[in-house]
Amino acid sequence: MTNDASTTPSQRHYGPGYRAMLLALIMLVAAFAYIDRVIVQTLGQPIKEDLGLTDFQLGLLGGLGFAILYSTLGLPIARLAERRDRITIISVSVGLFSLMSALCGLSANFWQLFLCRIGVGIGEAGVQAPSTSLIGDHFPPHQRGFAITMMRLGSPLGSFIGALAAVWIAKDHGWRTAMIAVCGPGLVVALLFRLLLRDPPRGLSDGLSNGARPTSKTATPPPPPPPPPPMGEVMSMMARKAVFRNLLIGLALSSMALYAGGAFTAPFFMRVHDLSITQAGVYVAIISSTAATAGMVLGGVGIDFIARRGQHWYALLPFCGIATSVPLYLIGYSLGSPLPALVCLTVAGVFLFFYSVPTLVALQNLVAPNARTTAAFIYFFIATLVGVGLGPPIIGLASDIFAGLAMPGFKSVCTAPRLTGACATASAWGVRHALLASIALYALAAFHYWRAACALKRDASLSA
């Protein structure tokens, strides 16, 4: 195919076909990033038994071990991505976290595995914020809900594939082989990302009307945006505005409960409902993939339409979803039969995920183009450091405490890798009540999203 001299670089490089390929590769990157997370969650019970871990240590592996450098390195990488080639940053990051996942399978004790999980977090730190920024430059505001939904759908895709692959491989070959097996495909995706994509001009799609596209023959790349504002300036602006404060607090609280529940879903079904690792893996795959996919699609695509009624819907829709999920989670964790619990927890997850895309889109729409990567970093920093980093270890510690309440001397008496009798009963009681306690975080998150909706509506009336 030859280039038409009248065709602009924008048309040749960033047309509909190219943007479809971009979304597909970004979704794959998100999927492999999440496979690395869900494998530890799904195989938590055999890892715990093999290495002789407490629930608190298991929570650290699924939470803080991953989040500690993911969060801290995310800032300099996000700031670098405001100025440098985002395609290279993302492809190198995917290659790094894929290699570190393989090293997790070679770990002989808790500390080696903990350090490898930190390495996975280092790699994933360079993925989410630059990917979100790329979407902001390729798609106009009225299409970003759909585009970011496609990116976020990588998470349930990775959850489904990761959970099923983990239990299928671990059943015959052990959890270590399952960890190593995810390395190769991730490296292929990293190479494709680097070879097939290019970094667009900043702000390419800003100012386009509903019918316009960055591929029209009259379109020209926008002038370079001013340098990105200092991080302190962005943080100060967000701290001053009630809408940002409440959106980010709601995000933090809902993420804590979400990732805490995810880290202990497989142990919950194995201990409370006596399922095998294969059965629990299938349950995790169903809950995580179905809930996240339906919730993100309904919340992400729906927000592009419902927000035309008013910007306050970017916070009101998450409020409605999270508030609806609270009683469903209470029922799901309390039921005595696994199949009704599966159904209830899946439906609760659908409503819960209404918060995900609208919050991220709101942050992208409320800041200038040269601060979008920074805004995306703040979103993922809070969701990861607070949600992933603190949620699982806190719930793991609560599980140990509740187990001790159910059986005095639990830690000293129940030391065998596979618990039986009263020890198994106490362990099941502990994880169930820890998960029930985590639902209070959802109630608090709903309250802050309601306050954010009120702030958005007030700001809109003042600017009218």
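All values derive from a computational prediction rather than experimental measurement. (Residues numbered from 1 in each chain as written. Predicted model: local features only at pLDDT ≥ 70, side-chain atom pairs only at ≥ 80, totals over all residues. Heavy atoms only, no water.)

Draft legend 1. Summary view of helix H10 (residues 154-173). In this model H10 runs 27 Å from its N-terminal to its C-terminal C-alpha over 20 residues, within 8% of the 28 Å that 1.5 Å per residue would give. Gly154, Ser155, Pro156, Gly158, Ser159, Gly162, Ala163, Ala166, Val167, Ile169 and Ala170 are the residues of H10 that are buried. Where the residues of H10 are buried, they touch helix H2 (16-42), helix H9 (144-152), helix H11 (175-181) and helix H15 (277-306). At the C-terminal side of H10, Gly174 shows a positive phi close to 95°. (Helix = DSSP H or I, 4+ residues; strand = E, 2+ residues; numbered from the N terminus. Expected span 1.5 Å × (residues − 1). Buried < 20%, exposed > 50% of the residue type's maximum accessible area, 1.4 Å probe, protein only. Contact = heavy atoms within 4.5 Å.)

Draft legend 2. Summary view of the side chain of Ser438. Topologically, Ser438 is positioned in helix H21 (residues 421-463). Setting aside residues up to four positions removed in sequence, Ser438 forms contacts with Ala257 and Ile395.

Draft legend 3. Spatial organisation of a nonpolar patch on the surface. A cluster of nonpolar residues, Phe56, Leu397, Ile401, Leu405 and Trp429, forms a patch on the protein surface that exposes about 470 Å² of accessible area. Along the chain, Phe56 turns up in helix H4 (residues 55-62). (Patch = residues over 30% accessible without salt bridge, like charges linked within 9 Å, V, L, I, M, F, W, Y side chains within 5 Å. Areas by Shrake-Rupley, 256 points an atom, 1.4 Å probe, with all protein chains shown as cover. Salt bridge = Lys/Arg side-chain N within 4 Å of Asp/Glu carboxyl O.)

Draft legend 4. Focus on the nonpolar core. Ranked by size, the top nonpolar core spans 140 residues in total, and within it Phe193, Met238 and Tyr442 carry the most contacts. With 19 residues, helix H14 (residues 242-272) is the single largest residue contributor to this core. Sequence-distant contacts of Met238, defined by excluding residues within four places in its chain, comprise Phe244, Arg245, Leu248, Leu363, Val367, Ala375 and Ile378. If you look at the next biggest cluster of nonpolar residues, it comprises six residues, including Ala403, Met407, Phe410 and Cys423. (Core = buried A, V, L, I, M, F, W, Y, C linked by side-chain atoms within 4.5 Å.)

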